[in-house]
Amino acid sequence: MSGPLAEVLDGQRQADLQKAARALLKEPLLTADGPYADEFRLVRRHTAELREWFERNVGWTLRTDADAARLRKTPGTLTDATHPARETARSALPFTRRRYVLLCLALAALERGESQVALGRLAEQVVLAAADPELVAAGITFTLERRDERLDLAAVVRLLLRLGVLRRVAGDEDAYVSGSGDVLYDVRRRVLAGMPATLRGPSMVEAEGFEERLVEMTAWTVLDSDELRFRAVRWKLTRILLDDPVLYYDDLTDDELAYLTRQRGFITARIHELTGLVPEIRAEGIAMVDLMDDLTDARMPEQGTHGHITLLLAGHLARAAGPVEPAELAARVRELAVEHGGFWSKSAREPGAEPELVEQALTKLVALGLAERTERGVVPRPALARYAVGEPVVTEPGRARRSATTEQPEQPVQPVRPAQTVKPVQDER
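Conventions adopted
- Residues numbered from 1 in each chain as written.
- Predicted model: local features only at pLDDT ≥ 70, side-chain atom pairs only at ≥ 80, totals over all residues.
- Heavy atoms only, no water.
- Axes fitted to C-alpha atoms, helices over the stretch in contact; angles between N-to-C directions.
- Helix = DSSP H or I, 4+ residues; strand = E, 2+ residues; numbered from the N terminus.
- Parallel < 35°, antiparallel > 145°, perpendicular 65-115°, else oblique.
- Left-handed = near helix turned anticlockwise from the far one by under 90°.
- Contact = heavy atoms within 4.5 Å.
- Nonpolar A, V, L, I, M, F, W, Y, C, P; charged D, E, K, R; others polar.
- Expected span 1.5 Å × (residues − 1).
- Buried < 20%, exposed > 50% of the residue type's maximum accessible area, 1.4 Å probe, protein only.
- Core = buried A, V, L, I, M, F, W, Y, C linked by side-chain atoms within 4.5 Å.
- Pairing = 2+ DSSP bridges.

Caption draft 1: Focus on the packing of helix α11 (residues 226-243) against helix α12 (residues 254-275). α12 packs onto α11 with a crossing angle of 55° between their chain directions and a minimal axis gap of 10 Å. Taken together, the axis directions place α11 and α12 in an arrangement best described as oblique. Between α11 and α12 the crossing geometry is right-handed. In contact with F230, V233, R234, K236, L237, T238, L241 and L242 of α11, α12 contributes E256, Y259, L260, R262, I267, T268, I271 and T275. Taken together, the residues that form the contact of α11 with α12 break down as nine nonpolar, three polar and four charged.

Caption draft 2: Looking closely at α11. Given a rise of 1.5 Å per residue, 18 residues ought to cover 26 Å, and the 26 Å separating the end C-alpha atoms of α11 matches this to within 8%. For α11, the complete set of buried residues consists of L228, V233, R234, W235, L237, T238, R239, I240, L241 and L242.

Caption draft 3: Here's a closer look at helix α7 (residues 147-163). Taking 1.5 Å of rise per residue, the 17 residues of α7 would be expected to cover 24 Å, and the 24 Å separating its terminal C-alpha atoms lies within 8% of that figure. Across the 17 residues of α7, twelve count as buried, placing the element largely inside the fold. Among all positions in α7, only E149, R150, D152, L153, A154, A155, V156, V157, L159, L160, L161 and L163 are buried.

Caption draft 4: Expanded view of the environment of A108. Assignment of secondary structure puts A108 in helix α4 (residues 97-112). You can call A108 partly exposed: its relative accessible area is 30%. A sequence separation of 21 residues divides A108 from A129, and the C-alpha atoms of the two residues are 8.8 Å apart.

Caption draft 5: Quick peek at the nonpolar core. Core analysis: the largest hydrophobic core is formed by 39 residues, its most contacted members being L110, L119, L122, L160, L166, Y176 and Y185. Within the residue set of this core, elements represented by two or more residues are α4, α5 (119-129), α7, α8 (173-178), β6 (183-187) and α9 (189-193). Look past the residues within four positions of L119 in its chain and what remains in contact with it is L153, V157, E173, Y176, D182, V183 and Y185. Counting residues in hydrophobic clusters, the runner-up holds 36 residues, among them A23, L71, I271 and I286.

Caption draft 6: Inspection of unusual backbone geometry at higher detail. The backbone of L144 sits at a positive phi, close to 60°, despite the residue not being glycine. Secondary-structure assignment places L144 in the loop between α6 (133-137) and α7. For D293, which is not a glycine, the phi torsion comes out positive at approximately 60°. Within the secondary structure, D293 is located in the loop between β9 (285-289) and α13 (305-318). The class for D293 is partly exposed, based on a relative accessible area of 43%.

Caption draft 7: Here's a closer look at the sheet that holds β9. The antiparallel open sheet is built from three strands, whose spatial order is β7-β9-β8. Each of the sheet's edge strands pairs with one partner strand only, and the pair in question is β7 (247-248) and β8 (278-281). Pairing of β8 with β9 involves four bridges; the strand directions are antiparallel. Across the sheet, residue P279 finds its bridge partner in β9, namely M288. The sheet contacts of α12 involve β7, β8 and β9, and relative to β9 the element is tilted by about 5°.

Encoded structure:
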């Protein structure tokens, strides 16, 4: 088939493939009856092409069946803790170490259990598993007699409900927390089986240090040849560009930077072709910009009191000549409240609220790669320069404009159109 109809059909196929890929990047575990059911069907339709792309370019495996699609993602930076699991997408607090341990214990209990389970019964199994001597030696104990411990277990269960591992049959988690009732769940075993994303089971890992264990759990093979080393570098760089807000050249090793310098056009073009993300290349690094604005769990700017305060503090940090202490930022919030407090919530204007407001703002700025916490204080990162606004400069009577306070970095390079991309002779290197 050729002609206009073929072009339309090819364009629709590419649009569907892109929609499926973006859905997997946003929600690596999709279910047939979940909130992304339409995208799940697209993933099933394009499984072969998606699987080949992810395995070749990032080393992620894709498993699909009639119930679920699971993209087993490994982050480019294993120790990044700025995007924690949450009970819900926005409102809930981030998971603590206790909740992560509870999640693992709950998954282990569900794996050994029946097709239905009551929350009270699951709690009993978790308590038994938590009696493991190694957990006790690490200072982790659970009795689930206290309300805060039951709240933690309820948060874990709600996460599993959102992921589709459990389906609520009767009852409510709040009743369990208060001790006035129980909850019954169906266990979706196929979805449960897709939860682990490691290449090697934790029980098979011999390393003892935290970072060393992460590396061993996610390593494909021993890098004993140039070809395997180049592949590992390409995977890491592509993972960062797909998952992280910014890739900074200063964070790379010499070998990684040299590879990126040679293969930048090829890597960014492949990402753009699959996802629609547009490469913005600056003097300090690269960001893959999402023009649709739906592939992030942290947005900036954002509406509301906290979004406004974060934006104002970003401007303050962008003008800073060096590290800034949190106490200085808290003092700045007090000053800003005088000017902008009328637009803020009542709680944000309360005396003593400043440290918490600063912490919330810094959490977002760090997660977006715009700032860094150090022993000397908070250090702005180069991408924060786009939020730098200077004092008004009068250009003519009655008119003024804002001027940037920092020198503008290298201008963005327009993305390469996939149809015009020329693949390097040695793209593996």
